[in-house]
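Structure assessment
The residues making up each chain are set out below.
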Amino acid sequence: VGAGCQSKHFQGYALAFLDEGYVELPPLGNSNSFTIECWIRMFRTPQMKGTAMSLFSTDDQKVSLVVTSEGHLKFSVKNNMPESVVFDKSSSSLKPLKWYHVAVAYSMRHAGRTGTGSATMYLNGQWIQTLGYAARQGSTNKVTCGAAKIGQHFHGILDEFRFFSRALTPAEAS
């Protein structure tokens, strides 16, 4: 699945999303820890302030990763405390028409500030931020890439999109 791409900026096969395009993947499963990893290139940030563009979400909206109108990544796990975390370091602000390697590791093994779990973001192989979580993700429904039930569809390209049923180590994420 994908669009053949050849230009001075990239070549090969990737998933290009505009307006209504999306890809459905099998469920994440029952893992307490997982990692989402991909290369992204946005065509634009969300058009309206306060809205988000979906990179991926589970069908039941239990787990999602979106780009905010400010260009920050927002990772959400329903019924967690807090439910959403925004990786808001200025160094993690995404700009249109630039490639980024993004990895978010959700781990119940490594204690965060809440003492039970954490979500860690890596951007272009560099650690950006670790934020604490207090609940387990549990099982999920199928995963949708590029589409959103809430917010806007992703406008850009996703390449080498991968799910791991464990939290990658910092060395693996870089």
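Residues numbered from 1 in each chain as written. Predicted model: local features only at pLDDT ≥ 70, side-chain atom pairs only at ≥ 80, totals over all residues. Heavy atoms only, no water.

With that settled, the discussion passes to the overall build of the protein. Counting its secondary structure elements, the protein contains one helix and 13 strands. N-terminal to C-terminal, the α/β element order of the protein is β-β-β-β-β-β-β-β-β-β-β-β-β-α. The buried share of the protein, reckoned over its 174 residues, is 50%. For the protein, long-range pairs separated by at least 24 residues make up 65% of all intrachain contacts whose partners lie at least 6 apart in sequence. (Helix = DSSP H or I, 4+ residues; strand = E, 2+ residues; numbered from the N terminus. Buried < 20%, exposed > 50% of the residue type's maximum accessible area, 1.4 Å probe, protein only. Contact = heavy atoms within 4.5 Å.)

Residue position: S64 is located in strand β6 (residues 63–68). Ignoring sequence-local partners within four residues, the contact set of S64 consists of F56, S57, K74, F75 and S76.

For the coordinates displayed, the defined rule picks out seven aromatic pairs. On the numbers, 5.2 Å between centres and 25° between planes, the contact of F34 with Y106 is stacked. Remark: Y106 occurs in strand β9 (residues 99–107) and F34 occurs in strand β4 (residues 34–42); sequence separation between them is 72 residues. You can call F34 buried: its relative accessible area is 2%. Measuring from centroid to centroid gives 5.5 Å for F56 and F163, while their planes differ by 75°, and the two rings are edge-to-face. Residue F56 is found in strand β5 (residues 52–58), and its partner F163 is found in strand β13 (residues 156–164); the two are separated by 107 residues along the sequence. F56 sits in the buried class, given a relative accessible area of 0%. Classification of F163 by relative accessible area gives partly exposed; the value is 28%. An aromatic cluster is defined as three or more aromatic residues linked by ring pairs; in this entry it consists of F34, F75 and Y106. (Phe/Tyr/Trp six-rings, centres within 6.5 Å; stacked < 30°, edge-to-face > 60°.)

To continue, consider the pairing of strand β7 (residues 73–77). Each regular strand shows side chains that alternate between the opposite faces of the sheet. For β7, a buried count of four out of five residues is recorded, marking the element as mostly surrounded by other parts of the structure. Where β6 meets β7, five bridges bridge the pair, whose relative direction is antiparallel. Across the sheet, residue V66 finds its bridge partner in β7, namely K74. Between the antiparallel neighbours β6 and β7 lie four residues, among them G71 with a positive phi of about 90°. (Pairing = 2+ DSSP bridges.)

For the rest of this paragraph, the subject is unusual backbone geometry. In this structure, L97 is a non-glycine residue whose phi angle is positive, near 65°. Position of L97 among the secondary structure elements: in the loop between β8 (84–87) and β9. Within the chain, N124 stands out as a residue other than glycine whose phi angle is a positive 50°. You can see N124 is positioned in the loop between β10 (117–123) and β11 (126–133).

Counting residues in each nonpolar core, the largest one holds 32 residues, and the members touching the most others are I40, F75 and L158. Looking at this core element by element, the count peaks at five residues for β4. Discounting residues that sit within four places of it in the chain, L158 has contacts with A14, L15, F17, C38, W39, I40, L55 and C145. (Core = buried A, V, L, I, M, F, W, Y, C linked by side-chain atoms within 4.5 Å.)

Scope: geometric values only; no functional claims are made or implied.
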